[in-house]
Amino acid sequence: MVQSSVLGFPRMGVLRDLKKANEAYWADKISQEDLLAEGKRLRLAHWKIQKDAGVDVIPSNDFAHYDHVLDHIQFFNAVPERYTSQKLSPLDEYFAMGRGHQKGGVDVPALEMVKWFDSNYHYVKPTLQDNQTFSLVKDPKPVREFLEAKEAGIQTRPVLVGPVSFLALGKADRGSSVDPITLLDKLVPVYVELLKALKAAGAESVQIDEPVLVFDLRPEVKAAFKPAYEAFAAAGAEIPSLVVATYFGDIVHNFDVLPAFSAVKGLHVDLVRNPEQLEPVLKQLGPTQILSAGVVDGRNIWKNNFQKSLGLLQTAIKALGEDRVIVATSSSLLHTPHTLASEKKLPTDVYEWFSFASEKVKEVAILAKAVTQPEAVKAELEANAAAIKARAESKRTNDPKVKERQAAVTPEQHIRQTPFDSRYAQQKKHLSLPLFPTTTIGSFPQTNEIRVQRNKFTKGDITEAEYDDFIKKEIDLAISIQDELDLDVYVHGEPERNDMVQYFGERLQGYVFTTHAWVQSYGSRCVRPPIIVGDISRPAPMTVKESKYAASVSKKPMKGMLTGPVTCLRWSFPRDDVHQSVQCQQLALALRDEVVDLEANGIFVIQVDEPALREGLPLRKGSERDAYLEWAVNSFKLATAGVQDSTQIHSHFCYSEFQDFFHAIAALDADVLSIENSKSDAKLLKVFIDEEYPRHIGPGVYDIHSPRIPSEEEIKQRIEEMLEFLKPEQLWINPDCGLKTRKWDEVKGALTHMVNAAKYFRAKYTKA
């Protein structure tokens, strides 16, 4: 009999319940016991959703109060000494690693956060020491949560990040030089101990996630699979059976690793991202191994095309038989919203096109029945076919005017008028920029009052004129604070914006929006990605009114803030019926109009943020990556190249791991880059020397994801480190990301220290 399986379920709840509970705990509004009780309530609710949908294999240990990799750091006792020495409670120690801790005499920054493969989810990077040890904590979370489900009458399959992936995704701590993968022999016995504990608790099977198998692996990492899984095989019946899960790519290029898995029960592969790997994988499986076929998309919100999925499943069943095939989600459903049932305002013609997490678990169960008992789900199959047909024939998807404009794009539209040196001389004079200029990335705190007023305007409780007056007052406040701080390039603070992608999507044709379709980005931070349903165009200016007003009341250059075409694409749910390069070029043309309009209205510094550029990079080197970088870079240049030389183009990027595609960063031809760098080693900036990067850069000098306020000396130390790799005339001083999630006292304290540090170096190098 074909079974159904879910690799993981979203954690936040229907109405972001976990976010609210976590933040209430951080604000000392609820107790630790209350927070843990809410976590248990959510887990039970999520397991019940899957059981009621008819899913056969339900995951546990997929829940996390902050991040699932951070969970592993803690229950394997891999917590750096700077946290353990503070004698915090286990829960507070956990949150300190995720978001920093600055109260009660304790002041520790957070561990580094990095994007989870090519998704918009951020994981906490394991940070390991030269003398690293591992041990299993008492009452480990995977066992505790398995027993919790068992007590509720639900048999689950616990989920663990595999030992090779855990180490390969980690890094050496500052001051250490250990290659994490060399710690395998210390870590694997602890995994075996945990697996034995799960077996003793009654677990029959465990899902071991080894997603690094979709990468081009270093020989040392590839070689690590053999001893790790031989150790599991040696444990035999003392541990549960194992299913190794991969996702977000194909594993064909790592087939030489598969013999290491000869003793595991089965293998999961992502057939949404790479359906062409199915037949090669079928040939590699052992004579009794099962295939977990990931045919229901864990990363997007489109309704599954049952006919297409059934074709893949039937191929697998023909090769293996019914008992050796499991119908599964392609990855964890962590990357999708909770339920479509919460959406009451979606246009009726598109509502039936979508499927969120709660609906996807039903799709998995339906497909498992459909491959062997199609008559039992005949109504569901017919309804699915009708929805797929309606979408394909919808007039929403096609705008001839957009296609005509795309066809007329020329190479010249991608090129600035003159090279950087010539135009920067004009910009410096025009903008009166000092050495070590200071600025922020764009957003200022989104206070409760801002959210209240925006909600009133959305509901029609206040007029547009009243809302505009409120926004002007917030802009006035942001500018007065920047006057007080003495920054060099101002921002208007973005009080009118709900989200850096949604705000623009709401002003573009081709998008639809949800009310409650929140997706976890990191910790308690959730985003509500807009959905691209058709060809994209800009009916009217989107940001000019607020930026023009801000410039009119500012004594310093005002920076216009836009979200770039790649990020608008990546942080939306994109269409799956049109190549992403086509959607990205449409966004670029819409943004090009906005950039030109900003310049015409007196905005001569324009930041076009592309934090998702690195995220969108295909996970493997080769032709797919080259093609992506070509269309992504061209989209940015198309959006920004329409201005005069005296107008300065900035762009912001999350994370500084640029080594593999630095040529593309340089090819953007932005005048100033700002990057999220505060939790990374400054030595990563060496690439800017090696590649003789000619333009300007602002590596983040402090971490905005944490509420802690860095000292002036701490920021000076960061700048000193940066000056080992960058020329003084290249360096801008800024936070490492936007400040919308911070409070004003945190912002003022941190920026005061930042500006003072910049002035110190300005004076030092001016005298020199």
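Source: prediction; values computed, not measured.

Thresholds, definitions, all that
Residues numbered from 1 in each chain as written. Predicted model: local features only at pLDDT ≥ 70, side-chain atom pairs only at ≥ 80, totals over all residues. Heavy atoms only, no water. Helix = DSSP H or I, 4+ residues; strand = E, 2+ residues; numbered from the N terminus. Rg over C-alpha atoms; globule rule 2.2 N^0.38 Å. Buried < 20%, exposed > 50% of the residue type's maximum accessible area, 1.4 Å probe, protein only. Contact = heavy atoms within 4.5 Å. Areas by Shrake-Rupley, 256 points an atom, 1.4 Å probe, with all protein chains shown as cover. Lys, Arg positive; Asp, Glu negative; His and termini not counted. Charge placed at Lys NZ, Arg CZ, Asp CG, Glu CD. UniProt positions renumbered as here; feature names shortened; annotations may be inferred. Salt bridge = Lys/Arg side-chain N within 4 Å of Asp/Glu carboxyl O. Pairing = 2+ DSSP bridges. Core = buried A, V, L, I, M, F, W, Y, C linked by side-chain atoms within 4.5 Å. Axes fitted to C-alpha atoms, helices over the stretch in contact; angles between N-to-C directions. Polar contact = N/O pair within 3.5 Å; in protein donor to acceptor, adjacent residues only side chain to side chain. Parallel < 35°, antiparallel > 145°, perpendicular 65-115°, else oblique. Left-handed = near helix turned anticlockwise from the far one by under 90°. Nonpolar A, V, L, I, M, F, W, Y, C, P; charged D, E, K, R; others polar. Phe/Tyr/Trp six-rings, centres within 6.5 Å; stacked < 30°, edge-to-face > 60°. Lys NZ or Arg CZ within 6 Å of the ring centre and 35° of its normal.

### As for the overall build of the protein chain
Move 1: A count of helical and extended segments in the protein chain gives 27 helices and 24 strands.
Move 2: Against the globule reference of 27 Å for 768 residues, the protein chain gives a C-alpha radius of gyration of 26 Å, in line with a compact fold.
Move 3: With the principal axes as the frame, the protein chain shows a C-alpha extent of 75 × 60 × 50 Å.
Move 4: The buried share among the 768 residues of the protein chain stands at 62%.
Move 5: Across the protein chain, every contact between residues at least 6 apart in sequence was considered, and the portion connecting residues at least 24 apart equals 79%.
Move 6: A total accessible area of about 29,300 Å² is found for the protein chain, and carbon and sulfur atoms account for 51% of it.
Move 7: A gap of 2 Å separates the mean positions of the 94 positive and 105 negative side-chain charges of the protein chain.

### Some words on the UniProt feature "domain: Cobalamin-independent methionine synthase MetE N-terminal" (unreviewed entry) in the protein chain
Move 1: Those residues carrying the UniProt feature "domain: Cobalamin-independent methionine synthase MetE N-terminal" (unreviewed entry) are residues 4-317 in this numbering.
Move 2: For the annotated span residues 4-317, helix accounts for 40% and strand for 16% of the residues, and the straight-line distance between the end C-alpha atoms is 14 Å.

### Quick look at the pattern of salt bridges
Move 1: Counted under the stated rule, the structure contains 50 salt bridges.
Move 2: Its salt-bridge partner being Glu-713, residue Lys-716 comes within 3.4 Å of it at the nearest N-O pair. Remark: Glu-713 and Lys-716 occur in helix H26 (residues 712-723); sequence separation between them is three residues, near one turn of the helix.
Move 3: Counted as one network, the salt bridges with shared partners bring together Arg-391, Lys-403, Asp-535, Arg-575, Asp-576 and Asp-577.

### Topic: the pairing of strand E8 (residues 156-161)
Move 1: Within E8, six of the six residues are buried, leaving the element largely enclosed by the surrounding structure.
Move 2: A two-sided burial pattern is seen for E8, the buried positions comprising Thr-156, Pro-158 and Leu-160 on one face and Arg-157, Val-159 and Val-161 on the other.
Move 3: As judged from the three bridges shared by E8 and strand E10 (residues 205-209), these two strands associate in the parallel manner. Bridge pairing links Val-159 to Gln-207 in E10.

### Topic: the nonpolar core
Most often, soluble globular proteins have nonpolar side chains that are buried together.
Move 1: Among the nonpolar cores identified, the biggest contains 115 residues, and Phe-134, Phe-225, Phe-261 and Leu-291 are the most heavily contacted of them.
Move 2: No other element matches the 10 residues that helix H8 (residues 184-201) contributes to this core.
Move 3: Among the nonpolar cores identified, the runner-up in size contains 92 residues, and Cys-568, Cys-584, Trp-744 and Met-754 belong to it.

### A look at the sheet that holds strand E13 (residues 290-296)
Move 1: Taken in spatial order, the eight strands make up an open sheet running E1-E14-E13-E12-E11-E10-E8-E2, and their pairing is parallel. Either end of the sheet is taken by a strand with one partner, and the two such strands are strand E1 (3-5) and strand E2 (58-60). Averaged over all pairs of adjacent strands, the angle between their axes in this sheet comes to 30 degrees, without regard to strand direction.

### Description of the side chain of Asp-736
Move 1: Within the secondary structure, Asp-736 is located in the loop between H26 and helix H27 (744-767).
Move 2: At a separation of 3.2 Å, a polar atom in the side chain of Asp-736 contacts the main-chain amide nitrogen of Ile-704.
Move 3: Each residue touching Asp-736, except ones within four places of it in the same chain, is listed here: Ile-441, His-652, Ile-675, Glu-676, Asn-677, Ser-678, Gly-700, Tyr-702, Asp-703 and Ile-704.

### Quick word on the packing of helix H11 (residues 306-320) against helix H13 (residues 357-370)
Move 1: Put simply, H11 and H13 touch, their axes get as near as 10 Å, and they point 55 degrees apart. Classified by the angle their axes make, H11 and H13 are oblique. The handedness of the crossing between H11 and H13 comes out as right-handed. From H11, Phe-306, Ser-309, Leu-310 and Leu-313 reach across to H13, where they touch Glu-363, Ile-366, Leu-367 and Ala-370.
Move 2: Class assignment of the residues belonging to the contact of H11 with H13 gives a composition of six nonpolar, one polar and one charged.

### Let's talk about helix H20 (residues 544-552)
Move 1: Of the positions making up H20, those classed as buried are Val-544, Glu-546, Ser-547 and Ala-550.
Move 2: Packed against the buried residues of H20 are helix H18 (464-485), helix H19 (502-505), strand E20 (558-563) and helix H22 (580-600).

### Quick word on the packing of aromatic side chains
Move 1: Enumeration according to the criterion identifies 31 aromatic pairs in this entry.
Move 2: Between Trp-26 and Tyr-66, the aromatic rings sit 6.2 Å apart at their centres with planes inclined by 50 degrees, giving tilted as the arrangement. Remark: Tyr-66 occurs in the loop between E2 and helix H3 (68-75) and Trp-26 occurs in helix H1 (residues 17-26); sequence separation between them is 40 residues. Note on accessibility: Trp-26 and Tyr-66 belong to one class, buried.
Move 3: Lying across the ring of Phe-63, Arg-43 places its NZ or CZ 5.0 Å from the centre.
Move 4: Lying across the ring of Trp-26, Arg-99 places its NZ or CZ 3.9 Å from the centre.

### Comments concerning the sheet that holds strand E23 (residues 672-675)
Move 1: Taken in spatial order, the six strands line up as E15-E20-E21-E22-E23-E24 in an open sheet, and their pairing is parallel. Either end of the sheet is taken by a strand with one partner, and the two such strands are strand E15 (490-491) and strand E24 (696-699).
Move 2: Sheet topology places strand E22 (residues 648-653) next to E23; four bridges connect them, and they run parallel. Paired with Ser-651 across the strands is Leu-673, a residue of E23.
Move 3: On top of the sheet, helix H16 (residues 420-431) reaches strand E21 (605-609), E22 and E24; it is set at about 100 degrees to E22, its chief contact.

### Comments concerning the packing of H1 against helix H5 (residues 90-99)
Move 1: Contact geometry of H1 with H5 gives a least axis separation of 12 Å together with a crossing angle of 105 degrees. Taken together, the axis directions place H1 and H5 in an arrangement best described as roughly perpendicular. Facing H1, whose interface residues are Asn-22, Tyr-25 and Trp-26, H5 presents Leu-91, Asp-92, Phe-95 and Arg-99.
Move 2: When its residues are assigned to classes, the contact of H1 with H5 shows four nonpolar, one polar and two charged.

### Points about the UniProt feature "active site" (unreviewed entry) in the protein chain
Move 1: As annotated by UniProt and renumbered to match this structure, "active site" (unreviewed entry) occupies His-705.
Move 2: Relative to the elements of secondary structure, His-705 occurs in the loop between E24 and H26.
Move 3: Ignoring sequence-local partners within four residues, the contact set of His-705 consists of Arg-99, Met-113, Tyr-522, Glu-676 and Arg-742.
Move 4: In this structure the side chain of His-705 is engaged in a polar contact, spanning 3.2 Å, whose partner is the side chain of Glu-676.

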